[in-house]
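One-letter residues, chain by chain:
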Amino acid sequence: MADSGELARHWRYAELPGVDLLRARYVRKTFVRHTHEHFVIAAIAEGVEVFAHRGSDQYAGAGALALVNPDTPHTGRAGVPEGWRYGAVYPSPDVVTEIAAETTTLRGAPGFVRPVLDDPCAVTLVHQVLRAAEEGNALAADTLLRVAVTRLLRLNGGPLPQREIRSAGARIAARARAALEERLVDPPTLEQLAADLGTGSFALLRAFRDTYGLPPHAWLTDARVRRARRLLDAGTAPADAAVAVGFTDQPHLNRHFARIVGVPPGAYQRERKNVQDPTGPAPLASGSWQNRQLTRTQLTRTQLTWTSGPTPREDRTAPSYGTPWRSGSP
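Treat the numbers as computed from the prediction; the structure is a model and nothing was measured. (Residues numbered from 1 in each chain as written. Predicted model: local features only at pLDDT ≥ 70, side-chain atom pairs only at ≥ 80, totals over all residues. Heavy atoms only, no water.)

**Some details on the packing of aromatic side chains**
Reasoning step 1: Following the criterion strictly, the structure yields eight aromatic pairs and no others.
Reasoning step 2: Between the aromatic rings of Tyr-26 and Trp-84, the centroid separation amounts to 5.5 Å while the plane-to-plane angle is 55°, which identifies the pairing as tilted. Placement of the pair is Tyr-26 in strand β2 (residues 19–26) and Trp-84 in strand β8 (residues 84–91), with a sequence separation of 58 residues. Each member of the pair, Tyr-26 together with Trp-84, is buried.
Reasoning step 3: On the numbers, 5.1 Å between centres and 55° between planes, the contact of Phe-208 with Tyr-212 is tilted. In this pair, Phe-208 and Tyr-212 are both assigned in helix α6 (residues 201–212), four residues apart and thus about one turn of the helix distant. For the residue pair Phe-208 and Tyr-212, the accessibility class agrees, reading buried in each case.
Reasoning step 4: One aromatic cluster in this structure is built from Tyr-26, Phe-31, Trp-84 and Tyr-86. (Phe/Tyr/Trp six-rings, centres within 6.5 Å; stacked < 30°, edge-to-face > 60°. Helix = DSSP H or I, 4+ residues; strand = E, 2+ residues; numbered from the N terminus. Buried < 20%, exposed > 50% of the residue type's maximum accessible area, 1.4 Å probe, protein only.)

See below:
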């Protein structure tokens, strides 16, 4: 919100495929309980963020990182009156798994063990990734991202918890989720869904929430926003995307989208278009993600320097947050 000093930019850099980027300052912003398909690596620069995570409130202040694994329900709000300023990278599970296999001893699907990690060095690295992306420096952005993810996995990594569907309640919840995915635009009522599955409404509600961390209606909203993001990425107009995923109209999508993603769908899509039509400095020449990988020796040497050596100097230049936006704007 421009009048409250709230600013946010949610974008992609074409030379970092599979990674979303965010710079934001929020004061009164409140994120509803939601999930991400990607990892959340949020580096707090000022203030305090509070987020509910696995049954308790977590506090991340300046010099700390909020770390959330994919498909993990969480919220977000200010922990102090002045709010919080942060930068975040959202690497896909494939990106994190690839980095872990190359630079750590973790195998399989890696994840973060603790949701908050005090590590000013990693915070600086995340902000340097964002700065490099803004400047079109592909080599620096790729290198710094790999060093940051490697450092965080070595300090706070472990096997990603896998949801095992064993109990009867979990199996019913899985069937309910599949039914909702098929009927995203025209979902049944809770009573109808329970009857179709041969169970009671409250039993279904309890099983679904225990399995997925969200009640069915909240999970449905989350799933609609995820699908709307894919449509917006593909160039669908926000008004058309809203109807296509089951929202009443664009204002309905705007409200839920901003409370989950952090920016309205129109602002989100404009930044996506800028990936194909860059206006900033020309990116450095580079190949694909795989062709630009540092060798294990190069990355290990760099990572060890930043793990055991002095903290890299933080760039004190004011970051770019994009155009201020109001919560209800397109």
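From this point, the discussion proceeds with the structure in view.
**So, empty space enclosed by the protein**
Reasoning step 1: This structure, assessed with the given rule, holds one cavity of 30 Å³ or more.
Reasoning step 2: Contributing to the lining of the largest cavity are 18 residues, with Val-40, Glu-49, His-74, Tyr-86 and Tyr-90 lying nearest its centre.
Reasoning step 3: Considering each element in turn, the lining of the largest cavity owes the most residues, four residues, to strand β4 (residues 40–53).
Reasoning step 4: Of the residues belonging to the lining of the largest cavity, the class tally is twelve nonpolar, five polar and one charged. (1 Å grid on protein atoms, 1.4 Å probe; cavity = no way out; pocket = protein on both sides within 12 Å on 5 of 7 lines; lining within 4 Å. Points joined across faces, edges and corners; volume = space filled by probe spheres on them. Nonpolar A, V, L, I, M, F, W, Y, C, P; charged D, E, K, R; others polar.)

**Overview of the pairing of strand β6 (residues 64–68)**
Along a regular strand, successive side chains alternate from one face of the sheet to the other.
Reasoning step 1: Burial analysis of β6 places five of its five residues in the buried class, the great majority of the element.
Reasoning step 2: Burial of β6 is two-sided: the residues Ala-64, Ala-66 and Val-68 facing one way and the residues Leu-65 and Leu-67 facing the other way are all buried.
Reasoning step 3: Of the pairings in the sheet, the one linking β4 to β6 comprises four bridges and is antiparallel in character. Note that in β6 the partner of Ile-41 across the bridge is Leu-67.
Reasoning step 4: Note that β6 and strand β10 (residues 116–118) share three bridges and pair antiparallel. Residue pairing in the sheet places Leu-65 in a bridge with Leu-117 of β10. (Pairing = 2+ DSSP bridges.)

**A word on the pattern of salt bridges**
Reasoning step 1: Tallied over the entire structure, the rule returns 20 salt bridges.
Reasoning step 2: Salt-bridge contacts for Arg-9 lead to Glu-134; the nearest nitrogen and oxygen are separated by 4.0 Å. Highlighted residues: Arg-9 in strand β1 (residues 7–12) and Glu-134 in helix α2 (residues 120–134), separated in sequence by 125 residues.
Reasoning step 3: Overall, the relative accessible area of 17% leaves Arg-9 in the buried class.
Reasoning step 4: With relative accessibility at 16%, the residue Glu-134 sits in the buried group.
Reasoning step 5: Linking Asp-71 and Arg-226 is a salt bridge whose minimum nitrogen-to-oxygen distance equals 2.7 Å. Taken as a pair, Asp-71 in the loop between β6 and β7 (74–78) and Arg-226 in helix α7 (residues 216–233) lie far apart in primary sequence, 155 residues in all.
Reasoning step 6: Residue classification places Asp-71 among the partly exposed positions, given a relative accessible area of 35%.
Reasoning step 7: One network of salt bridges, with partners in common, ties together Arg-9, Arg-23, Arg-131, Glu-134 and Glu-271. (Salt bridge = Lys/Arg side-chain N within 4 Å of Asp/Glu carboxyl O.)

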